[in-house]
Amino acid sequence: LKSFAFLILRYKSSAHWYAMVFILRNLLVGLVPLIPDLVLQSLIMQLVLACTGVVQIHVFPWRVDLANYIDTAAVICMLVFLGSVGFLVSDVDTQAVAYLGALLLIMMLLLSVG
């Protein structure tokens, strides 16, 4: 247990599994720049942050409540920043954007229904 304390002890005992979510989020955020399409990069980054943000808000895994609020605010700020920077991309494939927009619309509709 002592060898894995740096992973487990920062979270509540009921959310010990959140360490894997946190590591997976950081891995995916690090791998997103390998995608060649800028729009797809932004979309996947927003998707990763939104999904882990929803889990974080639902579970509140950090031992200190202030850390939960700071993590939530950081994820929201990153999502707002990514959403606003997307308008500055000059090299855009309009057909890909249309497909991604339709996919996002379908996903949002399914999430709101289910």
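Residues numbered from 1 in each chain as written. Predicted model: local features only at pLDDT ≥ 70, side-chain atom pairs only at ≥ 80, totals over all residues. Heavy atoms only, no water.

Some points on the side chain of Thr72
Working step 1: The topology assignment puts Thr72 in helix 4 (residues 65–85).
Working step 2: There is a polar contact of 2.8 Å between the side chain of Thr72 and the backbone oxygen of Asn68.
Working step 3: Residue contacts for Thr72: discarding those within four places in its chain leaves Gln56 and Ile57. (Helix = DSSP H or I, 4+ residues; strand = E, 2+ residues; numbered from the N terminus. Polar contact = N/O pair within 3.5 Å; in protein donor to acceptor, adjacent residues only side chain to side chain. Contact = heavy atoms within 4.5 Å.)

Here's the deal with helix 2 (residues 18–31)
Working step 1: If you check helix 2, its first and last C-alpha atoms are 20 Å apart, about what 14 residues at 1.5 Å a residue would give, namely 20 Å.
Working step 2: Every buried residue of helix 2 is accounted for by Tyr18, Ala19, Phe22 and Arg25. Projected onto a plane normal to the axis of helix 2, the buried residues spread over an arc of 125° and lie on a single side. (Expected span 1.5 Å × (residues − 1). Buried < 20%, exposed > 50% of the residue type's maximum accessible area, 1.4 Å probe, protein only. Arc of directions from axis to C-beta.)

Comments concerning a nonpolar patch on the surface
Working step 1: Together, Leu24, Leu27, Leu28, Leu31 and Leu34 make up a nonpolar patch on the protein surface, roughly 470 Å² of accessible area in all.
Working step 2: Relative to the elements of secondary structure, Leu27 occurs in helix 2.
Working step 3: A relative accessible area of 47% places Leu27 in the partly exposed class. (Patch = residues over 30% accessible without salt bridge, like charges linked within 9 Å, V, L, I, M, F, W, Y side chains within 5 Å. Areas by Shrake-Rupley, 256 points an atom, 1.4 Å probe, with all protein chains shown as cover. Salt bridge = Lys/Arg side-chain N within 4 Å of Asp/Glu carboxyl O.)

Focus: the packing of aromatic side chains
Working step 1: Summed over all chains, the structure comprises five aromatic pairs.
Working step 2: For the pair Phe22 and Trp62, a centre-to-centre distance of 5.6 Å together with 85° between the ring planes defines the contact as edge-to-face. One end of the pair, Phe22, is in helix 2; the other, Trp62, is in the loop between helix 3 (38–59) and helix 4, and 40 residues separate them in sequence. Across the pair, exposure class does not vary: Phe22 and Trp62 are buried alike.
Working step 3: With 5.4 Å between their ring centres and 80° between their planes, Phe60 and Tyr69 make a pair best called edge-to-face.
Working step 4: Taken together, Tyr11, Trp17, Tyr18, Phe22 and Trp62 form an aromatic cluster joined through their ring pairs. (Phe/Tyr/Trp six-rings, centres within 6.5 Å; stacked < 30°, edge-to-face > 60°.)

Details of the pattern of salt bridges
Working step 1: Scanning all chains against the criterion turns up one salt bridge.
Working step 2: Arg25 serves as the salt-bridge partner of Asp71, at 3.8 Å between the closest nitrogen and oxygen. You can see Asp71 sitting in helix 4 and its partner Arg25 sitting in helix 2, a full 46 residues away along the chain. As far as burial versus exposure is concerned, Asp71 and Arg25 are alike and both buried.

Some points on the packing of helix 3 against helix 5 (residues 94–113)
If you want to describe how two helices pack, look at the angle between their axes and the distance between the axes.
Working step 1: Direction vectors running N to C along helix 3 and helix 5 enclose 15°, while the axes themselves pass 10 Å from each other. With respect to helix 5, the axis of helix 3 lies roughly parallel. Two packed elements cross with a definite hand, and for helix 3 against helix 5 that hand is right-handed. Counted together, Val39, Leu40, Leu43 and Leu47 of helix 3 and Val97, Leu100, Leu104 and Met107 of helix 5 form the full contact between these two elements.
Working step 2: Among the residues making up the contact of helix 3 with helix 5, the classes are represented as eight nonpolar, no polar and no charged. (Axes fitted to C-alpha atoms, helices over the stretch in contact; angles between N-to-C directions. Parallel < 35°, antiparallel > 145°, perpendicular 65-115°, else oblique. Left-handed = near helix turned anticlockwise from the far one by under 90°. Nonpolar A, V, L, I, M, F, W, Y, C, P; charged D, E, K, R; others polar.)

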